[in-house]
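Each chain is listed here by its residues.
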Amino acid sequence: MLSMEKRALVIALVKDTKGLILREMRQEKVMEKGAADYVTNVDFAVQEFVKKKLARLFPEIPLIAEEKENTGLRREGIYWILDPIDGTTNLVYDYHFSAVSLGLYEKGEITFGVVYNPFREELFQAAKGEGARLNGVPIHVAGTRRLGDAVVSFGSSPYEKGRAKDFFPLYYRIFMECADFRRTGSAALDMCYVACGRQHAYLEATLKPWDYAAGTVILREAGGLVTDWKGEEPPYLDKSGILAGAPQFMDRLLALIGESGCKQEGYSFL
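Undergrad: Go over the sheet that holds strand S5 (residues 99-106) with me, naming the residues and quoting the values.
TA: Read from one edge of the open sheet, seven strands run S3-S4-S5-S6-S7-S8-S9, paired in mixed fashion. In the strand order of this sheet, the two ends are held by strand S3 (63-65) and strand S9 (137-138), each with one partner. Summarising the sheet, S5 and strand S6 (residues 109-117) pair through seven bridges and their orientation is antiparallel. Within S6, the position partnered with Tyr105 by the bridge is Ile110. Running at roughly 35° to S6, helix H1 (residues 4-15) makes contact with strand S4 (78-86), S5, S6 and strand S7 (122-127) of the sheet. Contacts from helix H3 (residues 41-57) reach S3, S4 and S5, with the element oriented near 150° to S4.

Below you can see the structure in the form of structure tokens.
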């Protein structure tokens, strides 16, 4: 567990990416990694910036990140988990709903997380056992009681469109029971929006560790729950389905997932 002083250095480091992001966006170059899966010069620049800064501050802690090879990982290890730009498609289209997401994995759990949206100047942070904050102000999940009054966000797994015919009937059932849906394109921000009560639950069938690591500790410290689609602890070093929400909605949403027959698919970096 990092000291408060070291956490402050990490938070400052993440906030320092804003100028770099805005500069790199002026000469944006977009590359396609796969179907509906983009990477930009902004992603690479932010990743390199954060990687170098972390290496100076914490030379003993390796980095897991989206735009790099991640091999030789151990569950009992300690790692930084970085998504340099979560919501790259949003960035490409100037949607301003993207974030730098950085979590600290320690021997099977996420103990510290920062999610920063430079376009809205919103920084979410949490350390295990110390609560969650938005721009320094404590946050908590919403107390809404009825699923019929709840806003649920979902990820459409656009890189796996062949599976949409399986997922969308599930999303339809949830939509018919909740107040409304949201589809934002950033898993990290969706989880943080649940943490601060703007949304009430979020689900996606296929997320990678950098998509959900930091958001997990932020949401849990705000009073929420995070599980895989079986209701179990997320793997953190593997791809996984994720269900994140206010506690009062989790049982019903897990039941709907179970009834749908939809399966999460994972793979391991180990």
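Having seen the structure, we can now continue with the description.
Undergrad: Run through the environment of Ala132, naming residues and quoting values.
TA: Looking at the element boundaries, Ala132 is found in strand S8 (residues 132-134). Looking at Ala132, the relative accessible area reads 2%, which means it is buried. Through-space distance from the C-alpha of Ala132 to that of Val114 is 9.9 Å; in sequence the pair is 18 residues apart. Filtering out sequence-adjacent residues up to four positions away, Ala132 remains in contact with Gln125, Ala126, Val137, Pro138, Ile139, Ile218, Glu221 and Ala222.

Undergrad: Provide a residue-level description of the environment of Phe58, including the pertinent values.
TA: Following the sequence through the fold, Phe58 ends up in the loop between H3 and S3. Relative accessible area serves as the criterion here: at 2%, Phe58 is assigned to the buried category. Taking the C-alpha atoms as reference points, Phe58 and Lys6, 52 residues apart in sequence, are found 9.5 Å from one another. Excluding anything up to four places from it in sequence, Phe58 contacts Leu2, Lys6, Val10 and Trp80.

Undergrad: I'd like a description of the packing of aromatic side chains, backed by residues and values.
TA: To describe a pair of aromatic rings, one takes the distance between the centres and the angle between the planes. Within this structure, the stated rule accounts for 13 aromatic pairs. A ring pair is formed by Phe167 and Trp229, whose centres lie 6.0 Å apart and whose planes are at 80°; its orientation type is edge-to-face. Highlighted residues: Phe167 in helix H5 (residues 164-177) and Trp229 in the loop between strand S13 (225-227) and strand S14 (240-245), separated in sequence by 62 residues. For Phe167, a relative accessible area of 1% gives the class buried. By the ring-pair criterion, three or more aromatic residues cluster together here, those being Phe154, Phe167, Phe168, Tyr171, Phe175, Phe181 and Trp229.

What counts, and where the lines are drawn
- Residues numbered from 1 in each chain as written.
- Predicted model: local features only at pLDDT ≥ 70, side-chain atom pairs only at ≥ 80, totals over all residues.
- Heavy atoms only, no water.
- Pairing = 2+ DSSP bridges.
- Helix = DSSP H or I, 4+ residues; strand = E, 2+ residues; numbered from the N terminus.
- Contact = heavy atoms within 4.5 Å.
- Axes fitted to C-alpha atoms, helices over the stretch in contact; angles between N-to-C directions.
- Buried < 20%, exposed > 50% of the residue type's maximum accessible area, 1.4 Å probe, protein only.
- Phe/Tyr/Trp six-rings, centres within 6.5 Å; stacked < 30°, edge-to-face > 60°.

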